[in-house]
Amino acid sequence: MTQAQGEIFDIGYQHYDGPRGGRLRAVWALWVNGFRTTLGLGRGALAKLLPFGMLIATVAPAAGILILAAILGPEEDLIPSHEDYYELIAILLLLFSAIIAPELLIPDRRNGVINLYLVRPLTAMDYVAARWAAFLALSLILVYSGQVFLLIGFLLTASDPVDYLRDNWLDIPKFLAAGALVALFVTTIPLAVSAFTTRRAYAAAVVIAVFVISLPVTAALTAQSCEIDYTTTSDDGRTVSSTFGDCERATGDLAKWFTLLDVGRAPIHMSDIIFGSESEDDIAEVRKELHASIPIAWYALLVLGPGALLLYRYRRMTI
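Now for a quick tour of the structure. (Residues numbered from 1 in each chain as written. Predicted model: local features only at pLDDT ≥ 70, side-chain atom pairs only at ≥ 80, totals over all residues. Heavy atoms only, no water.)

Points about the overall build of the chain
Quick reminder of the rule: Per the convention used, a helix needs a DSSP run of H or I reaching at least four residues, while a strand needs a run of E reaching at least two, with both numbered from the N terminus. Accessibility here uses a 1.4 Å probe with only protein chains present; expressed as a share of the type maximum, an area under 20% marks a residue as buried, one over 50% as exposed, and anything in between as partly exposed. In what follows, a contact means two residues having at least one pair of non-hydrogen atoms within 4.5 Å. Methods summary: accessible areas were calculated by the Shrake-Rupley approach with a probe of 1.4 Å, and residue burial reflects only the protein chains presented.
When helices and strands are counted, the chain shows 13 helices and two strands. For the chain, the residues scored as buried account for 38% of the 319 residues in total. At a minimum sequence separation of 6, the contacts of the chain that also span at least 24 residues come to 77%. For the chain, the accessible surface area stands at approximately 18,500 Å², while carbon and sulfur atoms represent 63% of it.

Description of the packing of helix H8 (residues 171-194) against helix H9 (residues 200-222)
Short version of the rule: In this analysis an axis means a line fitted to C-alpha atoms, helices contributing only their contacting stretch, and an angle means the value between N-to-C directions, from 0 to 180 degrees. Orientation is classified from the angle alone, with under 35 degrees giving roughly parallel, over 145 giving roughly antiparallel, 65 to 115 giving roughly perpendicular, and any other angle giving oblique. Two helices that cross are described as forming a left-handed crossing if the nearer one is turned anticlockwise from the farther one by less than a right angle, and a right-handed crossing if clockwise. All amino acids are sorted into three groups, where Ala, Val, Leu, Ile, Met, Phe, Trp, Tyr, Cys and Pro are nonpolar, Asp, Glu, Lys and Arg are charged, and the leftover types, Gly among them, are polar.
Packing of H8 against H9 leaves a shortest axis separation of 9 Å and a crossing angle of 130 degrees. The angle between the axes of H8 and H9 places the two elements in the oblique class. The two elements H8 and H9 cross, and the hand of that crossing is right-handed. When H8 is examined against H9, the residues Phe185, Ile189, Pro190, Val193 and Ser194 are found in contact with a partner set consisting of Ala203, Val206, Val207 and Phe211. Each residue belonging to the contact of H8 with H9 can be placed in one class, and the counts come to eight nonpolar, one polar and no charged.

As for the packing of aromatic side chains
As a reminder of what qualifies: Any two rings among Phe, Tyr and Trp, with Trp reduced to its six-membered ring, count as a pair given centres within 6.5 Å; such a pair is stacked if its planes are under 30 degrees apart, edge-to-face if over 60, and tilted if neither.
Per the counting criterion, the structure on display carries eight aromatic pairs. Between phenylalanine 96 and phenylalanine 135, the aromatic rings sit 6.3 Å apart at their centres with planes inclined by 15 degrees, giving stacked as the arrangement. Taken together, the residues phenylalanine 96 in helix H3 (residues 82-100) and phenylalanine 135 in helix H6 (residues 124-157) connect sequence positions 39 residues apart. Residue class for phenylalanine 96 comes out buried when judged on its relative accessible area of 3%. Ring pairs connect the aromatic residues Trp28, Trp31 and Phe35, which therefore count as one cluster.

Concerning the pattern of salt bridges
We apply this condition: In the sections that follow, a salt bridge refers to a side-chain nitrogen of Lys or Arg positioned within 4 Å of a carboxyl oxygen of Asp or Glu.
Tallied over the full model, the rule gives five salt bridges. Ionic pairing is found between arginine 265 and glutamate 87, a salt bridge with its closest N-O pair at 3.2 Å. Residue arginine 265 is found in the loop between helix H10 (255-258) and helix H11 (266-275), and its partner glutamate 87 is found in helix H3; the two are separated by 178 residues along the sequence.

Considerations on the nonpolar core
Within soluble globular proteins, side chains that are nonpolar generally end up buried alongside one another. Heads up, the condition is: In these notes, a set of buried Ala, Val, Leu, Ile, Met, Phe, Trp, Tyr and Cys residues joined through side-chain atoms within 4.5 Å is what counts as a nonpolar core.
Residues Tyr86, Leu93, Tyr127, Phe154, Phe185, Leu310 and Tyr314 are the most contacted members of the largest nonpolar core, which totals 66 residues. Broken down by element, the residue count for this core peaks at 15 residues, all from H6. For tyrosine 314, the contacting residues outside a window of four places in its chain are Leu105, Arg109, Ile114, Ala124, Tyr127, Val128 and Ala195.

Details of the side chain of histidine 269
Tracing the sequence through the fold places histidine 269 in helix H11. Assessed through its relative accessible area of 9%, histidine 269 is described here as buried. Setting aside chain neighbours within four positions, we find histidine 269 in contact with Glu278, Arg287 and Pro295.

Structural notes on a nonpolar patch on the surface
Heads up, the condition is: Put simply, a patch holds well-exposed residues, over 30% relative accessible area, that have no salt bridge, with like charges counted together within 9 Å and Val, Leu, Ile, Met, Phe, Trp or Tyr side chains within 5 Å.
Among the surface-exposed residues, Ile91, Leu95, Val212, Ile213, Val217 and Leu261 lie close enough to one another that they form a single nonpolar patch of about 460 Å² accessible area. The set of elements that each furnish at least two residues to the nonpolar patch consists of H3 and H9. Top element by residues in the nonpolar patch is H9. It accounts for three residues. By the element assignment, isoleucine 91 lies in helix H3.

Description of empty space enclosed by the protein
The probe, sized like a water molecule, is rolled over the atoms to show the empty space still left. Cut-off, in case you're wondering: Think of a 1 Å grid over just the protein atoms. A cavity is a set of points where a 1.4 Å probe fits yet cannot get out, a pocket is an open set with protein on both sides within 12 Å along at least five of seven lines, and lining residues have an atom within 4 Å of a point. Grid points are joined across faces, edges and corners, and a volume is the space filled by probe spheres set on the points.
This model, assessed by the stated rule, comprises one cavity of 30 Å³ or more. Roughly 80 Å³ of internal volume is contained in the largest cavity. Around the largest cavity, the lining residues are Thr259, Leu260, Asp262, Arg265, Ala266, His269, Arg287, Pro295, Trp298 and Tyr299. Of all elements in the fold, only H11 and helix H13 (293-315) reach the threshold of two or more residues within the lining of the largest cavity. Take the lining of the largest cavity: its biggest share by element is three residues, from H13. For the lining of the largest cavity, the class distribution of residues is five nonpolar, two polar and three charged.

What to know about the packing of helix H1 (residues 22-39) against H6
Running from amino to carboxyl end, H1 crosses H6 at an angle of 45 degrees, the nearest separation of the two axes being 8 Å. When the axis of H1 is compared with that of H6, the two are oblique. Crossing angle aside, the handedness with which H1 passes H6 is right-handed. For the pair H1 and H6, contact is made by Arg23, Val27, Leu30, Trp31, Asn33, Gly34, Phe35, Thr38 and Leu39 and by Asp126, Tyr127, Ala130, Arg131, Ala133, Ala134, Phe135, Ala137, Leu138 and Ile141, respectively. Split by residue class, the contact of H1 with H6 holds 13 nonpolar, three polar and three charged.

The values are spatial; any link to function lies outside them.
Given below as structure tokens:
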């Protein structure tokens, strides 16, 4: 009769006796991981190309403006200023957020890592807040980097930097406030869309489609047509004058409400309100017919609505 034999291996297992950071430490670690993910750190060179290329792209318009300022002077009216800068880089920010934001949420759900994150002490609210804050931090870096570079350049090219700063110092809190609103917008909507799909390409396509298609749709709904009546004089039988009849929009009084469909310009309009300026385009002219509180409420809805959907999606998630 044979006897069972066995061996005992000492694998050196020890209980963890290091510091226990608790819930806040876990949230901080998740934020750091999310911020590194947005920058492509810890991955290949290709993953780093887009975020760092985007940083260069947001500063490049400032460099072009400063070249003009050095030639013409920063006080020249033709030179774009702080209030124009977000409009110059808005489309870049929207495209960047549509591509990068899904990287923060979708891989965790598709690979099942979210089940490990949502064990105690982390909650779904903690997870969403950490990921959202990580992407917001990068968005703020992108929107402010060009403005700070522009401010420094204007000071250096001014004939009297002290006088320039005294006359234009209010631009600083204005571009800080406007930049925060732009960053909130480009952070929340892409993350909310990413919460409802497991394909990064689908999330990016939806966000880009909404931002890109909304402009021509709004332009078509707010366009106006004019009747033209030609008047011919007897000067050698040639037409020397023409009279334009009444101009009216196809959608009538509803046109001013259709301007809200231009989703991508919602944060830019908030920037215009903060700086006390108006964009010079046909849609902006029609939007002036709305009370200022309506675009503000619309912006709040575009940010708070997707944000609430994002939280709802993860609060309903079960492990």
